[in-house]
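What follows is each chain in one-letter form.
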Amino acid sequence: MKKLMLTTAALAFSASFATAGETIRMGTEGAYPPYNFVNDAGEVDGFERELGDELCKRAELTCTWVTNDWDSIIPNLVSGNYDTIIAGMSITPERDQVIDFTEAYLPPAPSAYMALSENVDLKGGVIAAQTGTIQANYVANSGATVVEFATADETIAAVKNGEADAVLADKDYLSPIVAESGGTFVFVGDDIPIGGGVGMGIRESDGELKAKFNKAIESMKADGSLGTMTKKWFGEDASTY
Amino acid sequence: MFSFCSDPSTLEGGKWLACYLTTGKHMAFYQSFGTVLGLLFVTAPVALLFGFLGAMAARSHFTPMRWLGRIYMAVVRGVPDIAFFLFFVIALDQGIEWLRHKALCPDWTEPVRQGNDFVVCPAAKMPLSSAPQWIHDTYSFSLAVFTFAIVFGAFAANVLFGAMRAVPRPQMETAEAYGMSHRQAFWRIMVPQMWVFALPGLSNLWMILIKATPLLFLLGIKDIVYYAKELGGYKTQAFAYPHPDWRVFYFLGLLVFYLLFTKASQIVLDKIMRRLTHGQATLGASFDKEVTA
């Protein structure tokens, strides 16, 4: 009996070796609706889930989804725990030194300040932002005091609790929150045009995978399906490719 | 879960709550309590074993062995937990993959380190990228148990090392007078008696281990604190069950869980203490007699 079980185990093991092929692990944060979030069923959902699945289909890849903290999302990519980052990550020169990006699947979108009232001091006050984002960088250089949080959700809570005067984040992330807050939250000041479009992060040594995804993104841009998908998740007046 | 949950937007009151508390994500939250308890009950004996080996090594008459034991205790106790959890686990994971890479892909010519990237052949991935999610989860859980055991083993080693020294010298001398060898005296006289001296220190460690479980999230394991944060966070209409920031309720639940669990641990530890001091000429035993008499 024991021998039989051992043989089965060995067989199962060798079978899993044989199928070791092209499974691409897609890394995302899962805490940035509507870009990506973990839905009530416990699965990764959102714009990037739908986009990623479609890209994998077009590139003929088998994909699985993994969530990872935003803080350590780049280190875990380069150490090989997953193969792509698809997490609303703006393409910036700093990040480009460490990893590679596919071409952008979202055009540069503005960021915005959100606060409890319109008369807050954006230049000298305390502004919340998520750690390691372009917004945190921007606030640090704007003269205001930046307080950083590990997740975007906590930046909103900080404004609500009065810990910060305002939060700077992607406008597409903040819009539903402002709209559903019933007047509690308002946008303050002008939109801030930062960021160079959103792309998928890929290891620098993984040129082949990057080429595959680039081709898939191009084909989605060409037939307009990317634009339709963007409008579905970000509203009719979202800027699209 | 329930039949009336198919369209959450029409629900109200108790029904809404019943459906909300039984979503897939909540089920995962309830399961994560099992993950945390499982981690504790696997890690504690492994850490105790590491501690015992460490203490034995530190007492060894063979100098390199003694050095090894002392270095283990000094280094691991000295490094901050968070640094250890971040650095050691990635290093361990990459070490395993590198060994598998050497063994499984001898023909691979590209370097393993390419700039920032750590690249091994697909067959050397641990676990394989095609493996189902539960294998990935089990693997990271094992890494977590191992890491926790190393960290807490070092503290346990120090506690046991001290406890072994606290056993009265005449006990050992008597054993030798009876003609027991060094090894026999160690196992028959010292080890049974040292536990009573070790228990206060070990029970402290157990309590600290309980409270250290949120470090699991650093290792990519979704524990109860992660889920409390994730479920309690502000939910927009993008979710089936939108609600305001409810983190305070979730964290209150965790507070109750941790308090109950540490209280239960305390009761069990007190019982063990009573057993261990039974018949021993220590203050603990006589004190206990007075209290229970």
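In this numbering scheme, every chain counts its residues from 1 along its sequence in written order. Here chains are named by letter from A upward and ligands by number from 1 upward, in the order in which they appear as written. In keeping with the predicted nature of the model, local features appear solely for residues at pLDDT of at least 70, side-chain atom pairs appear and are counted solely at 80 or more, and the whole-chain, interface and lining totals rest on all residues. For the side-chain quantities, the full set of heavy atoms in the structure was used; hydrogens and water were omitted.

Moving on, we come to the interface of chain B and chain A. Tallying the contact residues gives 34 residues for chain B and 34 residues for chain A. Buried area between chain B and chain A, summed over both chains or domains, comes out near 2900 Å², and the portion from carbon and sulfur atoms is 49%. Note on definitions: salt bridges are taken to be side-chain nitrogens of Lys or Arg within 4 Å of carboxyl oxygens of Asp or Glu. Taken together, the links from chain B to chain A amount to 1 salt bridge. The partner of D153(A) in a salt bridge is R247(B), with the nearest N and O atoms 3.5 Å apart. Under the rule applied, a polar contact is a pair of N or O atoms within 3.5 Å (in protein, one hydrogen donor and one hydrogen acceptor; residues adjacent in sequence only if both atoms are side-chain atoms). Inspection of the chain B/chain A interface yields 12 residue pairs in polar contact (both at pLDDT 80 or more). Residue contacts are defined here by distance: any two heavy atoms, one from each residue, within 4.5 Å place the two residues in contact. A 1.4 Å probe defines the accessible area here, and the buried area is the portion of it lost by two parts on being joined, summed over both.

All names here are of chain B. Sulfur atoms of two cysteines make up a disulfide when they are within 2.5 Å. Applying the stated criterion across every chain yields a total of 3 disulfides over all chains. There is a disulfide in this structure between C5 and C19, and the S-S distance comes to 2.1 Å. Since a negative S-S torsion denotes a left-handed disulfide, the C5-C19 link at about -90° is left-handed. Of the two residues, C5 is situated in the segment before helix 1 (13-20) and C19 in helix 1; the sequence distance between them amounts to 14 residues. Here C5 and C19 have matching classes, each one buried. Disulfides within chain B link the bonded cysteines, taken in sequence order, as 1-2, 3-4. Think of it this way: any DSSP run of H or I at least four residues long counts as a helix, any run of E at least two long counts as a strand, and we number them from the N terminus. Burial here depends on accessible area, computed with a 1.4 Å probe over protein chains only, as a share of the maximum for the residue type. Under 20% is buried, over 50% is exposed, and the range in between is partly exposed.

What follows is about the packing of aromatic side chains. To describe a pair of aromatic rings, you give the distance between the ring centres and the angle between the ring planes. Stacked, tilted and edge-to-face are the three classes assigned to paired rings of Phe, Tyr and Trp, where Trp is represented by its six-membered ring and a pair needs centres within 6.5 Å; plane angles under 30 degrees give stacked, over 60 edge-to-face, the rest tilted. In this structure the tally under the stated criterion is 32 aromatic pairs over all chains. Seen from their ring centres, F41(B) and W206(B) are 5.9 Å apart, and the 40° between their planes marks the pair as tilted. Of this pair, F41(B) sits in helix 2 (residues 24-58) while W206(B) is found in helix 7 (residues 182-212), placing the two residues 165 residues apart along the sequence. Overall, W206(B) belongs to the buried group, its relative accessible area being 16%. Of note, K171(A) hangs over the ring of F187(A), and the distance from its end group to the ring centre comes to 5.1 Å. Taking NZ or CZ as reference, K221(A) lies 4.1 Å from the ring centre of Y241(A), over its face. Criterion for a charge above a ring: Lys NZ or Arg CZ within 6 Å of the ring centre, and within 35 degrees of the ring normal.

Residue and element names in this part refer to chain A. By the convention used here, strands pair only if DSSP detects at least 2 bridges between them. Across the sheet, 5 strands lie side by side as 5-1-6-13-7; this open sheet has mixed pairing. In this open sheet, the two edge strands, each paired with only one partner strand, are strand 5 (62-67) and strand 7 (100-101). With 2 bridges connecting them, strand 1 (residues 23-28) and strand 6 (residues 84-85) associate as parallel partners. Across the sheet, G27 pairs through a bridge with I85, a residue of strand 6.

One finds F148(B), F152(B), M194(B) and I224(B) to be the most contacted residues of the largest nonpolar core, which totals 71 residues. The residues contacting F148(B), other than those within four sequence positions of it, are L39(B), T43(B), F85(B), G153(B), L209(B), A212(B), T213(B), L215(B) and L216(B). With 44 residues, the next largest nonpolar core counts C63(A), W65(A), A164(A) and I217(A) among its residues. Only buried residues count toward a nonpolar core, which is a set of Ala, Val, Leu, Ile, Met, Phe, Trp, Tyr and Cys residues joined through side-chain atoms within 4.5 Å.

Residue and element names in this part refer to chain A. Where each domain begins and ends is defined by an automated method or by a domain database. Segmentation of chain A into domains returns domain 1 (22-107 + 197-234) and domain 2 (111-192). With centres defined by C-alpha atoms, the gap from domain 1 to domain 2 works out at 25 Å. Each side of the interface is counted separately: domain 1 has 12 residues, and domain 2 has 12 residues. Of the roughly 1000 Å² buried at the junction of domain 1 and domain 2 (both faces included), carbon and sulfur atoms supply 49%. Among the residues domain 1 hides against domain 2, the three largest losses belong to Y32, Y35 and W70. Together they make up 41% of the total. Counting every contact that joins domain 1 to domain 2 gives 0 salt bridges. In this assembly, domain 1 and domain 2 are joined by 4 residue pairs in polar contact (both at pLDDT 80 or more).

With that settled, consider the confidence of the model for chain B. A residue's pLDDT is the confidence the predictor assigns to it, expressed on a 0 to 100 scale. Across chain B, the average pLDDT comes to 87, with 95% of residues at 70 or higher. Averaged pLDDT values over the elements of chain B bottom out at 54 in helix 10 (residues 283-292) of chain B and peak at 94 in helix 3 (residues 63-78) of chain B.

Residues and elements named next belong to chain A. Definitions used for this entry: grid spacing 1 Å over protein atoms alone; cavity, a set of points where a 1.4 Å probe fits but cannot get out; pocket, an open set with protein on both sides within 12 Å along at least 5 of 7 lines; lining residue, one with an atom within 4 Å of a point. Grid points are joined across faces, edges and corners, and a volume is the space filled by probe spheres set on the points. Considering all chains together, one arrives at 4 cavities of 30 Å³ or more under this definition. Within this model, the largest cavity holds a volume of roughly 160 Å³. Lining the largest cavity are 19 residues, with Y32, Q130, T133, Q135 and D170 positioned closest to its centre. The greatest single-element share of the lining of the largest cavity, amounting to 4 residues, is contributed by strand 11 (residues 166-170).

All names here are of chain A. Ordered in space as 10-9-11-8-12, the 5 strands form an open sheet in which the pairing is mixed. The sheet is open, and its two borders are formed by strand 10 (145-149) and strand 12 (186-192), each paired with just one other strand. In this sheet, neighbouring strand axes are inclined to one another by 30° on average, regardless of whether the strands run parallel or antiparallel. Two strands pair when backbone bridges link them, and strand 9 (residues 126-130) and strand 10 are joined in this way by 5 bridges, in the parallel orientation. From the neighbouring strand, A129 faces strand 10, where its bridge partner is E148. Where helix 6 (residues 152-161) meets the sheet, its contacts fall on strand 8 (111-115), strand 9, strand 10 and strand 11, and the angle it forms with strand 9 comes to roughly 160°. Note on definitions: angles span 0 to 180 degrees between N-to-C directions of axes, and those axes are lines fitted to C-alpha atoms, for helices only across the stretch in contact.

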